[in-house]
Amino acid sequence: MSQTLPLVALGGALGAVLRYLMVTAIGAPVGTLAVNVLGSLAIGVLFVWLGARDGWQLFLMTGVLGGFTTFSAFSLDTLKLVQTGQTLQAVAYVGASVALSLAAAALGVALMKAMS
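Residues numbered from 1 in each chain as written. Predicted model: local features only at pLDDT ≥ 70, side-chain atom pairs only at ≥ 80, totals over all residues. Heavy atoms only, no water.

**Regarding the packing of helix α1 (residues 4-26) against helix α2 (residues 30-50)**
- Two elements in contact, α1 and α2, have axes separated by 7 Å at closest approach and are oriented at 140°. Relative to α2, the element α1 lies oblique. As α1 packs across α2, the resulting crossing turns out to be right-handed. Across the interface between the two elements, R19, M22, V23 and I26 of α1 pack against V30, G31, T32, A34, V35 and L38 of α2.
- In terms of residue class, the contact of α1 with α2 is made up of seven nonpolar, two polar and one charged. (Axes fitted to C-alpha atoms, helices over the stretch in contact; angles between N-to-C directions. Helix = DSSP H or I, 4+ residues; strand = E, 2+ residues; numbered from the N terminus. Parallel < 35°, antiparallel > 145°, perpendicular 65-115°, else oblique. Left-handed = near helix turned anticlockwise from the far one by under 90°. Contact = heavy atoms within 4.5 Å. Nonpolar A, V, L, I, M, F, W, Y, C, P; charged D, E, K, R; others polar.)

Written out as structure tokens, the structure reads:
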């Protein structure tokens, strides 16, 4: 436990900064969608690549990707679209986020398995 929290905290801080920079550069909600898809791809790759390497899983998967991916921001972006009468855009955003993120995670797993 003494090493767990610092690994997760440091990774989370790094992931949050990366998320902020990306969403700022692209703009919401597209930046949030891009973060979630890239995070899903990365978690698929890391899941296979890291295996049971606990320290790296804690830092990269729990910390960095936990701070980087933005499900709560996704939810808020969707709510804002609905509240401003952009219901069709909200539905498209939800569908694209779920489908592309699942596909990206599967692609990450497949890529790593193909390389091994």
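So that's the structure; there's more coming.
**A closer look at the layout of surface pockets**
- Reported here for the largest pocket is a volume of approximately 180 Å³.
- As for the largest pocket, its lining consists of N36, G39, S40, I43, L65, T69, T70, F71, F74, S97, V98 and S101.
- Residue assignment for the lining of the largest pocket shows that the elements contributing at least two residues are α2, α4 (71-83) and α5 (87-115).
- The leading source of residues in the lining of the largest pocket is α2, at four residues.
- When its residues are assigned to classes, the lining of the largest pocket shows five nonpolar, seven polar and no charged. (1 Å grid on protein atoms, 1.4 Å probe; cavity = no way out; pocket = protein on both sides within 12 Å on 5 of 7 lines; lining within 4 Å. Points joined across faces, edges and corners; volume = space filled by probe spheres on them.)

**Some words on the nonpolar core**
- If you look at the biggest cluster of nonpolar residues, it comprises eleven residues: M22, A34, V35, L46, L50, F59, L60, M61, V64, L65 and F68.
- Elements that contribute at least two residues to this core include exactly α2 and α3 (54-68). (Core = buried A, V, L, I, M, F, W, Y, C linked by side-chain atoms within 4.5 Å. Buried < 20%, exposed > 50% of the residue type's maximum accessible area, 1.4 Å probe, protein only.)

**So, the UniProt feature "binding site: Na(+)" (unreviewed entry) in the protein**
- Here, the residues flagged by UniProt with the feature "binding site: Na(+)" (unreviewed entry) are G66 and T69. As for the annotated residues named above, the ones lining the largest pocket are T69.
- Inspection of the secondary structure puts G66 in helix α3.
- Relative to the helices and strands, T69 resides in the loop between α3 and α4.
- Beyond its immediate stretch of four places on either side in the chain, T69 contacts R19, V35, N36 and G39.
- Separated by 2.8 Å, the side chain of T69 and the backbone oxygen of L65 make a polar contact. (UniProt positions renumbered as here; feature names shortened; annotations may be inferred. Polar contact = N/O pair within 3.5 Å; in protein donor to acceptor, adjacent residues only side chain to side chain.)

**Quick look at the packing of α1 against α3**
- One way to put it is that α1 packs onto α3 with a least axis distance of 6 Å and a crossing angle of 35°. Along this stretch, α1 crosses α3, giving a crossing that reads as right-handed. Every residue of α3 that contacts α1 at T4, L7, V8, L10, G11, G12, L14, G15, A16, L18, R19 and M22 is listed here: G55, L58, F59, T62, G63, V64, G67 and F68.
- When its residues are assigned to classes, the contact of α1 with α3 shows eleven nonpolar, eight polar and one charged.

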